[in-house]
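Residues per chain are reported as follows:
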Amino acid sequence: MDILKTASVGIGAVLLALIFRNQRPEYATLINLACCVVIFFCIIWKMKEVLSYITRLSSYIQIDDTYIMSIMKMIGITYISEFASNICKDAGYSSVAGQIQVFAKLSVLALSMPVLLTFLSTVGEFL
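Residues numbered from 1 in each chain as written. Predicted model: local features only at pLDDT ≥ 70, side-chain atom pairs only at ≥ 80, totals over all residues. Heavy atoms only, no water.

> Please explain the overall build of the protein as it appears in this structure.
Tallying secondary structure elements over the protein gives 4 helices and 0 strands in all. Along the chain direction, N to C, the helices and strands of the protein fall in the order α-α-α-α. Relative to the globule expectation of 14 Å for 127 residues, the C-alpha radius of gyration of the protein, 19 Å, shows a markedly less compact shape. Across its three principal axes, the protein shows a C-alpha extent of roughly 70 × 35 × 15 Å. Burial statistics for the protein: of 127 residues in total, 15% are counted as buried. Taking as baseline every contact in the protein between residues at least 6 positions apart, the subset at least 24 positions apart corresponds to 50%. Per element, the accessible surface of the protein, about 9,600 Å² overall, is 72% carbon and sulfur. Computed over 9 positive and 8 negative side-chain charges, the separation of the two mean positions in the protein equals 9 Å. (Helix = DSSP H or I, 4+ residues; strand = E, 2+ residues; numbered from the N terminus. Rg over C-alpha atoms; globule rule 2.2 N^0.38 Å. Buried < 20%, exposed > 50% of the residue type's maximum accessible area, 1.4 Å probe, protein only. Contact = heavy atoms within 4.5 Å. Areas by Shrake-Rupley, 256 points an atom, 1.4 Å probe, with all protein chains shown as cover. Lys, Arg positive; Asp, Glu negative; His and termini not counted. Charge placed at Lys NZ, Arg CZ, Asp CG, Glu CD.)

Take a look at the structure:
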């Protein structure tokens, strides 16, 4: 049911911004930004639930916590970069949005390297 609330907030904000777009375009931008921030906090709230489930799952499986935290950081980077990128695109700065996306991809790649190296060394031990 949370998705219905979130979708309603989004649709309401878009309709309100459409009303203001012709007379007061700065208000339309602020409405969109406020809506994005509200939905972003909803995402963070859901991520807390996901994190608690992942923590429970990691207690059942013998996995080092650093790998779980790396995955959570990667998920966080992707959500935050997508959020910032979309705001930049909406504001008309698609080149800045592209740079944010490139930086996010490189950050995820840098975070994944230790996990990849550990995986390759584990596979190498079996061969």
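Right, picking up where we left off after that structure.
> Where do I start with helix 2 (residues 25-60) in this structure?
Note that an α-helix has 3.6 residues per turn; residues three or four places apart therefore point the same way. Between its first and last C-alpha atoms helix 2 spans 53 Å; for 36 residues at 1.5 Å apiece the expected length is 52 Å, and the two agree. Contact partners of the buried residues in helix 2: helix 1 (2-21) and helix 3 (65-90). (Expected span 1.5 Å × (residues − 1).)

> Help me understand the pattern of salt bridges, please; the structure alone is not making it clear to me.
For side chains bearing opposite charge, pairing can occur when the charged atoms are close. Taken as a whole, this structure holds 3 salt bridges when the rule is applied. Here the residues in one salt-bridge network are D2, K46 and E49, joined through shared partners. (Salt bridge = Lys/Arg side-chain N within 4 Å of Asp/Glu carboxyl O.)

> Would you explain the environment of F40 in this entry?
Along the chain, the position of F40 falls in helix 2. Given a relative accessible area of 17%, F40 falls into the buried group. Setting aside chain neighbours within four positions, we find F40 in contact with I80 and F83.

> Would you mind going over the nonpolar core with me for this structure?
The nonpolar side chains of a soluble globular protein tend to be buried, and buried together. Within the largest apolar cluster, 5 residues are counted, these being A13, A17, A28, I31 and C35. Mapped onto this core, the elements with two or more residues apiece are helix 1 and helix 2. (Core = buried A, V, L, I, M, F, W, Y, C linked by side-chain atoms within 4.5 Å.)

> Just checking my understanding: could you explain the packing of helix 2 against helix 3 for this structure?
Helix-helix packing is described using two parameters, namely the angle between the two axes and the distance between the axes. At a minimum axis separation of 12 Å, helix 2 and helix 3 run at an interaxial angle of 165°. With respect to helix 3, the axis of helix 2 lies roughly antiparallel. Considering the relative orientation of helix 2 and helix 3, their crossing is right-handed. Facing L33, C36, V37, F40, M47, L51, I54 and S58 of helix 2, the residues of helix 3 in contact are D65, I68, M72, I75, Y79, I80, F83 and I87. (Axes fitted to C-alpha atoms, helices over the stretch in contact; angles between N-to-C directions. Parallel < 35°, antiparallel > 145°, perpendicular 65-115°, else oblique. Left-handed = near helix turned anticlockwise from the far one by under 90°.)

> It is not clear to me how the state of the cysteines should be interpreted in this structure. Could you clarify?
In protein structure, a disulfide is the covalent linkage between the sulfur atoms of two cysteines. A complete count under the given rule lists 0 disulfides for this structure. Here C42 stays free of any disulfide, with the sulfur of C35 as its closest cysteine sulfur at 9.2 Å. Counting only cysteine sulfurs, C36 is the nearest neighbor of C88, a cysteine outside any disulfide, at a range of 11 Å. Taking the relative accessible area as the measure of exposure, C88 reaches 17% and is therefore buried. (Disulfide = S-S within 2.5 Å.)

Geometry only, nothing functional implied.
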